[in-house]
Amino acid sequence: MPEAPLEREVVINKSRFIAWLRPVNSREQALAEVTLARQQYPDASHHCYAYLLGEPASAQAAMNDDGEPSGTAGKPIFNVIQHKAISDVLVIVTRYFGGVKLGAGGLVRAYAAAAEAVLADVQRVEHVPLQTVMLEMDFPQEQRLRHWADQHDACLGEVIYGQLVSLTLTLPEQHLHALETLCAAERIALQRP
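Residues numbered from 1 in each chain as written. Predicted model: local features only at pLDDT ≥ 70, side-chain atom pairs only at ≥ 80, totals over all residues. Heavy atoms only, no water.

1. Remarks on the overall build of the chain
When its secondary structure is counted, the chain shows five helices and nine strands. Its helices and strands taken in sequence order, the chain reads β-β-α-β-β-α-β-α-β-α-β-β-α-β from the N to the C terminus. By the compact-globule yardstick of 16 Å for 193 residues, the chain is too spread out, its C-alpha radius of gyration being 24 Å. Out of the 193 residues belonging to the chain, those deemed buried represent 41%. For the chain, restricting intrachain contacts to residue pairs at least 6 apart in sequence, the fraction spanning at least 24 positions comes to 65%. For the chain, the accessible area works out to roughly 10,500 Å², and carbon and sulfur atoms hold 49% of it. On the chain, the mean spot of the 16 positive side-chain charges and the mean spot of the 23 negative ones are 11 Å from each other. (Helix = DSSP H or I, 4+ residues; strand = E, 2+ residues; numbered from the N terminus. Rg over C-alpha atoms; globule rule 2.2 N^0.38 Å. Buried < 20%, exposed > 50% of the residue type's maximum accessible area, 1.4 Å probe, protein only. Contact = heavy atoms within 4.5 Å. Areas by Shrake-Rupley, 256 points an atom, 1.4 Å probe, with all protein chains shown as cover. Lys, Arg positive; Asp, Glu negative; His and termini not counted. Charge placed at Lys NZ, Arg CZ, Asp CG, Glu CD.)

2. Looking at the pattern of salt bridges
One pass over the full model with this rule turns up 10 salt bridges. When the shortest N-O distance is used, the salt bridge between Glu142 and Arg146 registers 2.9 Å. Here Arg146 and Glu142 lie together in helix α4 (residues 139-151), a separation of four residues that amounts to about one turn. For Glu142, a relative accessible area of 9% corresponds to the buried category. Judged by its relative accessible area of 29%, Arg146 is partly exposed. Within this structure, Glu7, Arg22 and Glu33 form a network of salt bridges that share partners. (Salt bridge = Lys/Arg side-chain N within 4 Å of Asp/Glu carboxyl O.)

3. With respect to helix α1 (residues 27-40)
When the terminal C-alpha atoms of α1 are compared, their 20 Å separation across 14 residues agrees well with the 20 Å that a helix rising 1.5 Å per residue should span. Within α1, burial applies to Ala30, Glu33, Val34 and Ala37. One side of α1 holds all its buried residues, which, seen down the axis, span an arc of 100°. Set apart from the buried face of α1 by more than 90 degrees, the exposed residues are Glu28 and Gln39. On the buried face of α1, the contacting elements are β2 (15-23), β3 (46-53) and β5 (89-96). (Expected span 1.5 Å × (residues − 1). Arc of directions from axis to C-beta.)

4. Looking at the layout of surface pockets
Where empty space is left becomes clear once a probe the size of a water molecule has been rolled over the atoms. Empty space within the second largest pocket amounts to approximately 150 Å³. If you go around the second largest pocket, the residues you meet are Met134, Leu135, Glu136, Glu158, Ile160, Ser166, Leu167, Thr168, Ala189 and Gln191. When its residues are assigned to classes, the lining of the second largest pocket shows five nonpolar, three polar and two charged. (1 Å grid on protein atoms, 1.4 Å probe; cavity = no way out; pocket = protein on both sides within 12 Å on 5 of 7 lines; lining within 4 Å. Points joined across faces, edges and corners; volume = space filled by probe spheres on them. Nonpolar A, V, L, I, M, F, W, Y, C, P; charged D, E, K, R; others polar.)

5. Notes on the sheet that holds strand β8 (residues 165-172)
Paired through backbone hydrogen bonds, the strands of a sheet run either parallel or antiparallel to each other. Pairing is antiparallel across the open sheet formed by four strands, whose spatial order is β7-β8-β6-β9. One side of each edge strand has no neighbouring strand; the edge strands of this open sheet are β7 (155-161) and β9 (189-191). The mean angle between the axes of side-by-side strands here comes to 20°, regardless of whether they run parallel or antiparallel. Where strand β6 (residues 130-137) and β9 come together, three bridges link them in antiparallel fashion. Each residue of the ladder has a partner; that of Leu135, found in β9, is Leu190. Against the sheet, α4 contacts β6, β7 and β8, and its axis sits at roughly 170° relative to β7. (Pairing = 2+ DSSP bridges. Axes fitted to C-alpha atoms, helices over the stretch in contact; angles between N-to-C directions.)

6. Let's talk about the state of the cysteines
Applying the stated criterion to the full structure yields zero disulfides. Here Cys183 stays unpaired: no disulfide links it, and the sulfur of Cys155, its closest cysteine neighbor, is 16 Å away. (Disulfide = S-S within 2.5 Å.)

7. Details of the packing of α4 against helix α5 (residues 176-186)
The geometry of α4 relative to α5 is characterised by a closest axis approach of 12 Å and an angle of 165° between their N-to-C directions. With respect to α5, the axis of α4 lies roughly antiparallel. The chirality of how α4 crosses α5 is right-handed. Across from Gln141, Arg144, Leu145 and Trp148 in α4, the residues of α5 making contact are Ala178, Leu179, Leu182 and Glu186. (Parallel < 35°, antiparallel > 145°, perpendicular 65-115°, else oblique. Left-handed = near helix turned anticlockwise from the far one by under 90°.)

It is worth stressing that arrangement in space is one thing and function is another; only the former is reported here.
The following block contains the structure:
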């Protein structure tokens, strides 16, 4: 997923192509960004876009040529996104026509070049799904659990000391099964909120 919004501009045969990259996590958010692009550049000829949401195996995607010949804008933008192996991203390419017709092949190359310009500079962050659980244990088990948490990138939240130690733990989802195994072996009560 992209770390932050980014914009780049390329000029090809007098046409100006402004590429916007936005991190998005829903279709509604992507379309809201397209609306913002239309508002910011109301006199532009076209606002073509493509987005890819979610994990590649089950991703949701869309593309739009916004009046350019079919397949000459949205598809090339989408192809660059796929080639970069990035998701939860929207790329909008706003075009100001410069008076020189580019032809279908020229449009494909121009929109791909604009998308490449913005995607080449993107900083990525890895999205790690997290799970929060509540645990209850005897005092001697707390140190063992804290050690396990340090080794599995888990973060301790609120800790309450009473007859038992109750605490909240946030951990990467991939380590949940290992925690369940530890809790079963140590007789630690585990609850998902």
